Amino acid sequence: MAWLKVSEALSAGVGTEMTVKGWVRTRRDSKADGGLSFIAVNDGSCFDSIQVVARASLPGYADQIVRLTSGCSIEVDGTLVTSQGKGQAVDLVASTIRVVGWVDDPDTYPIAQKKHSFEFLREQAHLRPRTNTFGAVARLRHCLSVAVHRFFDEKGFYYVHTPIITGSDCEGAGQMFRVSTLDLMKPPTGPDGRVDFSQDFFGRETNLTVSGQLNVETYCTALSRVYTFGPTFRAENSNTPRHLAEFWMIEPEVAFCDLAGDADLAEEFLKALLDTVLSRRMDDMKFFDERIEKGVIDRLRHVIEKPFRRVEYTEAIEILKRSGRAFEFAPEWGSDIQTEHERYLAEEHFKQPVVVMNYPREIKAFYMRSNDDGKTVAAMDVLVPRIGEIIGGSQREERLDVLDRRMEELGLNKEDYWWYRDLRRYGTVPHAGFGLGFERLVQFCSGVANIRDVIPFPRAPKQAAF
RNA sequence: UCCUCGGUAGCUCAAUGGUAGAGCAUCCGGCUGUUAACCGGAGGGCUGCAGGUUCGAGUCCUGCCCGGGGAGCCA
């Protein structure tokens, strides 16, 4: 008898004999027809479970089947029939049920068939994938991951594995996690009394990466179109529903590309991902739409169909000033666009994703390309409803003299960036790229409010269990 | 890190400073081609931790720990 996934079983023809293997979601008993039990079995292959009908005449019915509880693992041999009940099209009428793994004390099984809070399930991260919500999130993550690679592959991008451990502090994007094998209790020190990292594993200070961008730029200036997709670490003490200490980031980098081309790519990319989700994971999307965020499917369709709005930063500030809204932080040219501003632009003013371009240079990173006005840099943020900033990108400064001046202004040590500067010395080329926070994308697609619930094992301040 | 709200049964939550409760879950029984099932019963508590005020603290005060929401930082 063929072993079928539940997703295959549900669409097999009536009369098909099969074996299904999975975990019991619910069991309901009836005394009708001489006694029978209905067992919802889920194997994660799709959102739906299959309803197994177990008659009292089955071997082991009284001492095994009626003792099945949520979480037990079983194998079922049976025949697919048209369901006599209302909730499903087909049933699997069992000829044999083998109990593979019992739940040894059902009273202690945390995933009861009831509503659980996200906060509680976060403390049961090893068992929460057995719930509807986290099963759906897991399949959505997979679907999006595959879509990322497929999109780039079809457009001639190469996937570059940039390092997780970085050999310098020259990334500058906030607090980093140190990587060291030194004895914390008595680290070696130099003559100046400071820790002597030359005796550390790598012979220098090392940290976990905060961005693959600088590294991927090297391959960009050889392979033209590249991207990274890997774990990223920020040691900031951020306590929000949008931040993690460990998250996954997608960073494409394109040679011979300016900011407008960068924004074009970001828009096409986002739309292609959403389109893939709607065409391949409608079962999970329907669940999100019903139970997590009403209207999320329409929201995604809306994003796919309409062109993104593009506004200059300067124009965005004017819009915010003219809005008449009493913002907590008054919008002002030269200041960053606050979260409340982002949400006003994306949710109320434009009611769609908006790309804000050309920010004041003072509030942006050193590697962003200076514009001719002397005041702004070629940076862009893609703002979406609910999430705010989902993509941040820029055209990179490819002119060595301009880059050097900028680094001097910011007090950065040129020696630390010697290989980055080399890219500008040897065949420099205009190029641009962006970073997309993968978990924010999953949030945007699912409507899940807290970023800690769209990654299997969230790492955040005071949170690294599992 | 700042502001704010919270922490009571396995879960979700009640409880004027005066005997700690309900629903769900679990277990037992009943009923039913069931499906958020329904009806009846049972078990289940160091009220986050440590102090303090009081005849008496889940409730008031102080400190700490943890969580939610908002902000900053950002993706």
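Along each chain, the written sequence defines residue order, and numbers are assigned to residues from 1. Ligands are numbered from 1 and chains lettered from A, in the order in which they are written. This being a predicted model, a pLDDT of at least 70 is required before a residue's local features are given, and a value of 80 or more before pairs of side-chain atoms are given or counted; all residues contribute to the totals for chains, interfaces and linings. Heavy atoms throughout the structure, all of them, feed into the side-chain values; hydrogens and water do not.

(A) Layout of the overall build of chain A. Strands here are runs of E lasting at least two residues and helices are runs of H or I lasting at least four, both read from the DSSP assignment and numbered beginning at the N terminus. On a plain count of helices and strands, chain A comes out with 12 helices and 16 strands. Each principal axis of the C-alpha atoms in chain A carries an extent, and together these give about 85 × 60 × 45 Å. Taken across its 466 residues, chain A has 50% of its residues classed as buried. For chain A, restricting intrachain contacts to residue pairs at least 6 apart in sequence, the fraction spanning at least 24 positions comes to 66%. Values of accessible area rely on a 1.4 Å probe in the Shrake-Rupley scheme; residue burial ignores everything except the protein chains shown. Accessible area for chain A stands at about 22,500 Å²; split by element, carbon and sulfur atoms hold 50% of it. Taking the average location of the 59 positive side-chain charges in chain A and that of its 68 negative ones, the two points are 4 Å from each other. Residue exposure (1.4 Å probe, protein chains only): buried if accessible area is under 20% of the type maximum, exposed if over 50%, otherwise partly exposed. Any two residues whose heavy atoms approach within 4.5 Å are treated as being in contact. We treat Lys and Arg as the positive residues and Asp and Glu as the negative residues; His and chain ends play no part in the count. For this purpose, a charge sits on NZ of Lys, CZ of Arg, CG of Asp or CD of Glu.

(B) The arrangement of the protein's contact with RNA strand B in detail. Taken together, 54 residues lie near RNA strand B, and Ala32, Lys86, His243, Gln338 and Arg440 sit nearest. Proximity is defined per residue: any heavy atom of the residue falling within 4 Å of a molecule or strand makes that residue near it. The sugar and phosphate moieties of RNA strand B supply 52% of its atoms located within 4 Å of the protein. Distance and chemistry together define a polar contact, namely a pair of N or O atoms within 3.5 Å, with one atom able to donate a hydrogen and the other to accept it when in protein, and with adjacent residues in sequence counting only for side-chain atoms on both sides. At 2.3 Å, a backbone N or O of Lys86 approaches a base oxygen of RNA strand B. Looking at the surface near RNA strand B, the elements that each hand over two or more residues are strand 1 (17-30), strand 2 (36-42), strand 3 (50-55), helix 2 (118-122), strand 11 (246-255), strand 15 (388-395) and strand 16 (431-437). No other element matches strand 15, which puts four residues into the surface near RNA strand B.

(C) Inspection of the sheet that holds strand 4 (residues 73-82) at higher detail. One requirement defines pairing of two strands: DSSP has to find at least two bridges between them. Spatially, 1-2-3-5-4 is the arrangement adopted by the five strands of the closed barrel, whose pairing is mixed. Strand-to-strand, the axes of this sheet are offset by a mean angle of 55°, without reference to chain direction. Across seven bridges, strand 1 lies against strand 4 in antiparallel orientation. Considered in strand 4, the bridge of Val20 is made with Val76. Convention adopted: a line fitted to C-alpha atoms gives each axis, helices being fitted over their contacting stretch, and angles between N-to-C directions are expressed from 0 to 180 degrees.

(D) Broad picture of the layout of surface pockets. Here a cavity means grid points, on a 1 Å grid over the protein atoms only, where a 1.4 Å probe fits yet cannot get out; a pocket means an open set of points with protein on both sides within 12 Å along at least five of seven lines; lining residues are those with an atom within 4 Å of a point. Grid points are joined across faces, edges and corners, and a volume is the space filled by probe spheres set on the points. For the second largest pocket, the calculated volume is near 1,100 Å³. Along its surface, the second largest pocket is lined by 40 residues, and Arg25, Phe47, Gln113, Asn132 and Phe287 are the ones closest to its centre. Every element with two or more residues in the lining of the second largest pocket is listed here: strand 1, strand 2, strand 3, helix 2, helix 3 (132-154) and helix 6 (282-292). When residues in the lining of the second largest pocket are grouped by element, the largest group, six residues, is from helix 6. Residue composition of the lining of the second largest pocket, grouped by class: 16 nonpolar, 14 polar and 10 charged. When residues are grouped by polarity, Ala, Val, Leu, Ile, Met, Phe, Trp, Tyr, Cys and Pro land in nonpolar, Asp, Glu, Lys and Arg in charged, and all others, Gly among them, in polar.

(E) Inspection of the pairing of strand 15 at higher detail. Of all the eight residues making up strand 15, six are buried; the element is thus mostly covered by neighbouring parts of the structure. Sheet topology note: the strand 14 (residues 376-384)/strand 15 ladder contains six bridges and is antiparallel. Bridging from a neighbouring strand, Val382 pairs with Ile391 of strand 15. Connecting the antiparallel pair strand 14 and strand 15 is a turn made up of three residues, with Arg386 showing a positive phi of about 75°. With five bridges joining them, strand 15 and strand 16 adopt antiparallel strand pairing. Each bridged residue has a counterpart across the sheet, and for Ile391 the counterpart in strand 16 is Leu436.

(F) Looking closely at the nonpolar core. Residue types Ala, Val, Leu, Ile, Met, Phe, Trp, Tyr and Cys, when buried and joined through side-chain atoms within 4.5 Å, form a set referred to as a nonpolar core. Met380, Val382 and Leu441 are the most contacted members of the largest nonpolar core, which totals 58 residues. Take this core: its biggest share by element is 10 residues, from helix 5 (residues 259-280). Ala12, Ile97, Val99 and Leu121 belong to the second-largest nonpolar core, a separate cluster that totals 32 residues.

(G) Broad picture of the sheet that holds strand 8 (residues 178-179). Across the sheet, three strands lie side by side as 7-9-8; this open sheet has antiparallel pairing. One side of each edge strand has no neighbouring strand; the edge strands of this open sheet are strand 7 (165-166) and strand 8. With two bridges connecting them, strand 7 and strand 9 (residues 206-208) associate as antiparallel partners. Within strand 9, the position partnered with Ile165 by the bridge is Leu208.

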